[in-house]
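So the chains spell out like this:
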Amino acid sequence: MRTIPMTLLAASLAFALAACAERSDDAATPSTDAATAAAAVDAPADGIPPPAMSDMTTTPAPHTVAVLAATEGNSVTGELAFEAVDGGVAITGQVNGLAPGSEHGFHVHENGDCSAPDGTSAGGHFNPAGAAHGRIGSGEHHVGDTDNITADDTGVAVVNTRLEGATLADGAPSDVLGRGVIVHADPDDYATQPTGNAGARLACGVITQAGAQAQ
Ligand SMILES: [Cu+2]
Ligand SMILES: [Zn+2]
C-alpha cells in the first residue's frame, strides 16, 4: 500500500473543502466531491512519482559484473563491474586478500570457465584479433590485456582500469561478456609472449550480466 504524503493529503482536503464551500447548494454529495478532488490532485502534484506498478514490472538496465573466487590454495577474492565506454570497456571494483603492496597481472581470458582448481580452464588471454601480448598505450596488445593491479597496505587493490578494443554484450568477436577474469600471482611484464610472465592464477571470475532476477 502506497502512502500519501501529509502535505499532499492536506492540499487535497483543502481543495475538496473549498469545492464544497463554493457549491453549498450541492451539499448532498460532499464525499463524492472530495474523492474526485483528491484523485485529481494526487498524481501530478507530487513531482516525484511514487514507486508505481510499472516500475516493478520493467526490467532495469542490466549491469555486468564478475565475482572473483580464489583458486585452490589461495584466498584472493574480488568484485568487478564492467561498463561499455568509448573505445573499450571500463572495469571498476576491488580485489581483496593480496599481499600488502604487491603487484599483479590482471587480464580478461578467453573462457568464462573457472572450473579448474588452478584457474587454467579460463584459457589464455582474450585475443580475438590475433595480436601480440602487450600493454595498452604501448602498441600491440591483446583485447584482454590491461595494466597490473597493486594492493594497498591492507592487501586490497582498487581496480579502475580499461580494456581497449573490447565491447560488451554486443555479440561481436570483441565481446567480453561470458569470458573469464584472472588475477595472477606476479606482475605482468607487458613483454613476455603470450602471457606477460604473470605466473599462477590466484583468482578467477566470469563476466556475467546481472539483471532484475539477481535482486
Ligand atoms: Cu591473465
Ligand atoms: Zn595478453
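Numbering of residues starts from 1 in each chain and follows the order in which that chain's sequence is written. Chain letters and ligand numbers both follow the written order, the letters beginning at A and the numbers at 1. Local features in this predicted model are restricted to residues of pLDDT 70 or higher, and side-chain atom pairs are both shown and tallied only at a pLDDT of 80 or more, whereas totals for entire chains, interfaces and linings draw on every residue. Side-chain descriptors were evaluated using all non-hydrogen atoms of the structure, hydrogens and water having been removed beforehand.

## Re the state of the cysteines
We apply this condition: The disulfide criterion used throughout: a pair of cysteine sulfur atoms within 2.5 Å. Secondary structure follows DSSP: runs of H or I at least 4 residues long count as helices, runs of E at least 2 residues long count as strands, and numbering of each begins at the N terminus. Summary of the burial criterion: residues with accessible area below 20% of their type's maximum are buried, those above 50% are exposed, and those between are partly exposed, where the area comes from a 1.4 Å probe applied to protein chains only.
What the rule picks out here adds up to one disulfide. Here cysteine 114 connects covalently by a disulfide to cysteine 204, the sulfurs 2.0 Å from one another. Disulfide cysteine 114-cysteine 204: torsion about the S-S bond near -75°, hence left-handed. Residue cysteine 114 is located in the loop between strand S5 (106-109) and strand S6 (149-150), and its partner cysteine 204 is located in strand S9 (residues 201-206); the two are separated by 90 residues in the primary sequence. Given a relative accessible area of 28%, cysteine 114 falls into the partly exposed group.

## A look at the pairing of S9
Spelled out, the test is: In this scheme, strands are said to pair when DSSP sees at least two bridges between them.
With five of six residues buried, S9 lies mostly within the body of the structure. Sheet analysis places strand S8 (residues 180-184) next to S9, joined by five bridges and oriented antiparallel. Residue pairing in the sheet places glycine 180 in a bridge with valine 206 of S9.

## Focus: the confidence of the model for the protein
Formally: pLDDT measures how confident the predictor is about each residue, on a scale from 0 to 100. Should any heavy atoms of two residues lie within 4.5 Å, those residues are considered in contact.
Put simply, the protein has an average pLDDT of 81, and 69% of its residues get 70 or more. Note that residues 1-45 has pLDDT below 50 and, in this model, 17 contacts with residues that lie over four places away or in other chains.

## So, the environment of glycine 134
Mapped onto the secondary structure, glycine 134 falls in the loop between S5 and S6. In this structure, the C-alpha to C-alpha distance between glycine 134 and aspartate 147, residues 13 residues apart in sequence, is 9.6 Å. Among all residues touching glycine 134, those that are not within four sequence positions of it are Glu140, His141, His142, Asp145 and Tyr190.

## Topic: unusual backbone geometry
For the bond from glutamine 193 to proline 194, the omega torsion is -10°, close enough to zero to count as cis. Mapped onto the secondary structure, proline 194 falls in the loop between S8 and S9. In this model, tyrosine 190 sits at a positive phi of 60°, which is unusual for a non-glycine residue. The residue tyrosine 190 is located in the loop between S8 and S9 in this model. Positive phi outside glycine occurs at asparagine 197, with the angle close to 55°.

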